[in-house]
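Fold and contact review
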Amino acid sequence: MSSPQSPCDPEYASAGDVSAALMVIDSRLKAIYDGSTETDSEQQKMVDQFTASLGPAGFDELLDGACTLIYTFMHWLRMACEDHDEDVIEHVVPALVGTMRMMPRTFRPEIIPTMAGMLIAAGTGLSPKLWRAQYGDWTSAEMNPLEATTVLLAEHVNRIAGDDRDFATRLIAEALSKADQDQA
């Protein structure tokens, strides 16, 4: 007997604009790896112009794309953890939540449970987008933490992959390329 499917199953979620979300995340990762602890004002201006040019529908697609990145990274981490008989939730969530707590300007305390919940949802095979949607519309206070959570997760993937600074980006780029080939 099969278990009932959750309304938060990823098959019900749109992937969103994964390419645009990846571009933003990759840009942030490169800045971190270059030793920049503050957001470059020119880079921030470009990201702000880009997101403003999207319009409301495009911005929603970008948010969905970020959630798809979170899901994909957690899926990859879940497979990596299972290869070592580890639990992805136990391995990833405490480390990322600990990092979030050290970044109070980005992660106000009331936002951390939402970001941790998205990680847990993705780690258990649920869509972070649909899981979050149960609690209403996104708030403006969640935008920077969502981006930062995605960056932290990508950086975690890179470390797990042998400190390969481009692994997370390649993982997504290859998946997008394969999806394009499958559609052709």
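This text gives an overview of the structure that appears in the document. Because the structure is predicted, anything quoted here is derived from the model rather than measured. (Residues numbered from 1 in each chain as written. Predicted model: local features only at pLDDT ≥ 70, side-chain atom pairs only at ≥ 80, totals over all residues. Heavy atoms only, no water.)

**Quick word on helix α3 (residues 88–101)**
Here is the rule: Secondary structure elements are defined from DSSP: runs of H or I of at least 4 residues count as helices, runs of E of at least 2 residues count as strands, and each element is numbered from the N terminus. For a helix, the expected span equals 1.5 Å multiplied by the residue count minus one. Exposure classes here rest on a 1.4 Å probe applied to the protein chains alone. A residue is buried below 20% of its type maximum, exposed above 50%, and partly exposed in between. The reported arc concerns the directions from the helix axis to the C-beta atoms and nothing else.
For α3, with 14 residues, the first-to-last C-alpha span of 20 Å sits near the 20 Å given by 1.5 Å per residue. Within the span of α3, buried status applies to Val-88, Val-92, Val-93, Leu-96, Val-97 and Met-100. End-on, the buried residues of α3 take up no more than an arc of 120°, which puts them together on one face. Seen from the buried face of α3, the exposed residues on the opposite side, beyond 90 degrees, are Glu-90, Pro-94 and Arg-101.

**Topic: the pattern of salt bridges**
Opposite charge on two side chains permits them to pair, given that their charged atoms come into close proximity. Quick note on the threshold: Salt bridges are counted wherever a side-chain nitrogen of Lys or Arg sits within 4 Å of a carboxyl oxygen of Asp or Glu.
The final tally for this structure, using the stated rule, is eight salt bridges. A salt bridge links Lys-30 to Asp-26; its shortest N-O distance comes to 3.4 Å. Within this pair, Lys-30 and its partner Asp-26 are both found in helix α1 (residues 18–33), separated by four residues, close to a single helical turn. A relative accessible area of 17% means that Asp-26 is categorised as buried. Here the salt bridges share partners, and the residues they tie into one network are Asp-26, Lys-30 and Asp-166.

**A closer look at the packing of helix α4 (residues 112–123) against helix α6 (residues 143–160)**
Rule in force here: Axis definition: a line fitted to C-alpha atoms, limited for helices to the stretch in contact. Angles are taken between N-to-C directions and run from 0 to 180 degrees. In this scheme, roughly parallel covers angles under 35 degrees and roughly antiparallel covers those over 145, while 65 to 115 is roughly perpendicular and the rest are oblique. By convention, the crossing between two helices is left-handed when the near helix turns anticlockwise from the far helix through less than a right angle, and right-handed when the turn is clockwise. Only heavy atoms enter the contact rule, under which two residues are in contact if any of them lie within 4.5 Å.
With their axes 10 Å apart at the nearest point, α4 and α6 run at an angle of 45° to one another. By the angle between their directions, the pair α4 and α6 is classed as oblique. Both α4 and α6 take part in a crossing whose hand is right-handed. Listed contacts from α6 to Met-115, Met-118 and Leu-119 of α4 are Pro-145, Leu-146, Thr-149 and Leu-153.

**Focus: the packing of α3 against α4**
Convention followed: Any residue that is not Ala, Val, Leu, Ile, Met, Phe, Trp, Tyr, Cys, Pro, Asp, Glu, Lys or Arg is counted as polar, Gly included; the first ten are nonpolar and the last four charged.
In the contact formed by α3 and α4, the axes pass within 10 Å of each other and the chain directions differ by 160°. Relative to α4, the element α3 lies roughly antiparallel. Here the hand of the crossing between α3 and α4 comes out right-handed. Residues Val-88, Ile-89, Val-93, Leu-96, Val-97, Met-100 and Arg-101 of α3 form the contact with α4, whose participating residues are Ile-112, Met-115, Ala-116, Leu-119, Ile-120 and Gly-123. Its residues placed into classes, the contact of α3 with α4 shows eleven nonpolar, one polar and one charged.

**Quick notes on α6**
Over its 18 residues, α6 runs 26 Å from end to end, which matches the ideal 26 Å to within 8%, given 1.5 Å per residue. For α6, a buried count of 15 out of 18 residues is recorded, marking the element as mostly surrounded by other parts of the structure. Note on α6: the residue one or two positions beyond its end, Gly-162, has a positive phi of about 80°.

**A closer look at the environment of Glu-142**
This is how the line gets drawn: We call two N or O atoms a polar contact when they sit within 3.5 Å, provided that within protein one can donate a hydrogen and the other can accept it, with sequence-adjacent residues counted only if both atoms are side-chain atoms.
Secondary-structure assignment places Glu-142 in the loop between α5 (128–133) and α6. Residue class for Glu-142 comes out buried when judged on its relative accessible area of 5%. Along the backbone, Glu-142 and Val-157 are 15 residues apart, and their C-alpha atoms lie at a distance of 22 Å. Residues contacting Glu-142, with those up to four places away along its chain left out, are Ile-111, Thr-114, Met-115, Arg-132 and Asp-137. One polar contact links Glu-142 to Arg-132, side chain to side chain, over a distance of 2.7 Å.

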